[in-house]
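Notes for the structure review
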Amino acid sequence: MEGLTQNIYDGILEGDRGAVKDSVNEALEMGQSPEILLNAMIDAMGEVGRLFEEGEYYVPEMLIAARAMQTGLEILKPRLKEADVKSAGLVVAGTVKGDLHDIGKNLVCIMLEGSGFSVIDLGTDVGPEKFVAAVQEHHPEIIAMSALLTTTMPSMEETIKALTEAGLREKVKVMIGGAPITSDYAQKIGADGYSEDASRAVRLAKSLVA
Ligand code: B1M
């Protein structure tokens, strides 16, 4: 059984979706607890994040690792629900209005899910009104906004203003990220936090709900 858990860990590090899928299925068939398998996946993703921060992994390695993890997560999801694993918090995520770049945002969502957060992904081109409606409907702990274009960054500030106008700003934390975003910009528009990559986004989200 330990071998299978190790295979899952190694499969994620190597971005080997087939190995992850087979090992997760086999371990579940043998009665392994989904929580133990999830922990192996989270550990592996933590290691991927560390390797990325140290410059040993680049975006392609991080992406294939993330896809491998997503493959494992899809199999585990229904079992985790059955096992009633407590969520670390609910995040509503989206790429802001006018912006169609979603690779980084997807990576952030996968890393958050892999770390125990529940994520509602609103997709791309998400305007302030959609974020506000999602907060009213789902009551998340965190809104996570991504922007890759300098021209779409202002939509983040508009969303924060729209949350304030709807009386929701105190009820939800706002985190932002994306290539043109800086922590100065986050401060300027009144966001609660900024992170420059997906693994730091997890640390930020954890600190925001602590
Ligand atoms: Co476009 N694009 N693009 N593009 N594109 C950029 C962003 C650009 C920098 C390229 C360039 O000119 N050098 C440039 C923006 C210039 C600027 O505004 N300063 C640009 C442009 C101009 C455009 C178009 C306007 C081009 C055109 O049509 N003339 C157009 C706009 C379309 C639109 O959005 N309305 C456009 C279109 C596209 C494609 C559709 C072809 C494609 C997107 C496909 C997709 O996403 N499904 C695309 C791509 C692929 C890029 C580049 C090459 C790569 C982006 C990417 O996916 N990176 C990009 C150049 C570049 O970044 N080098 C570029 C990999 C990804 C993992 O990184 O998204 O940065 P990233 O996410 C990171 C961090 O930023 C962070 O974590 C992630 C992982 O570590 N992060 C967060 C992201 N979101 C976060 C949220 C968080 C926390 C962290 O908390 C909430």
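Up top is the structure these notes are about.
Model, not experiment: these values are computed from the prediction.

Parameters and conventions
- Residues numbered from 1 in each chain as written.
- Predicted model: local features only at pLDDT ≥ 70, side-chain atom pairs only at ≥ 80, totals over all residues.
- Heavy atoms only, no water.
- Helix = DSSP H or I, 4+ residues; strand = E, 2+ residues; numbered from the N terminus.
- Rg over C-alpha atoms; globule rule 2.2 N^0.38 Å.
- Contact = heavy atoms within 4.5 Å.
- Salt bridge = Lys/Arg side-chain N within 4 Å of Asp/Glu carboxyl O.
- Buried < 20%, exposed > 50% of the residue type's maximum accessible area, 1.4 Å probe, protein only.
- Donors = N, O, S within 2.8 Å, 3.2 Å for Na, K, Ca; no water.

Right, let's talk about the overall build of the protein for a bit. Scanning the protein from terminus to terminus reveals nine helices and five strands. Secondary structure of the protein in N-to-C order comes out as α-α-α-α-β-α-β-α-β-α-β-α-β-α. Computed over the C-alpha atoms, the radius of gyration of the protein is 17 Å, within 12% of the 17 Å expected from 2.2 N^0.38 for a compact globule of 210 residues. Dimensions of the protein along its principal axes, counting C-alpha atoms only, are 55 × 35 × 25 Å. Counting only contacts in the protein whose residues sit at least 6 apart along the sequence, the fraction spanning at least 24 positions is 73%.

The next point concerns the pattern of salt bridges. Scanning all chains against the criterion turns up nine salt bridges. A salt bridge links Arg200 to Glu53; the shortest N-O distance between them is 3.9 Å. Taken together, the positions of Arg200 in helix H9 (residues 198–209) and Glu53 in helix H3 (residues 34–53) put the pair 147 residues apart, joining distant regions of the chain. On the basis of relative accessible area, Glu53 is assigned to the partly exposed category, the value being 30%. The salt bridge partner of Asp197 is Arg200, with a shortest N-O separation of 2.3 Å. For Asp197, a relative accessible area of 11% gives the class buried.

A few words on the coordination of the cobalt atom of the ligand. Protein coordination of the cobalt atom of the ligand is limited to a single donor, His101 (NE2), positioned at 2.2 Å. Here His101 shows up in the loop between strand E1 (90–95) and helix H5 (103–114).

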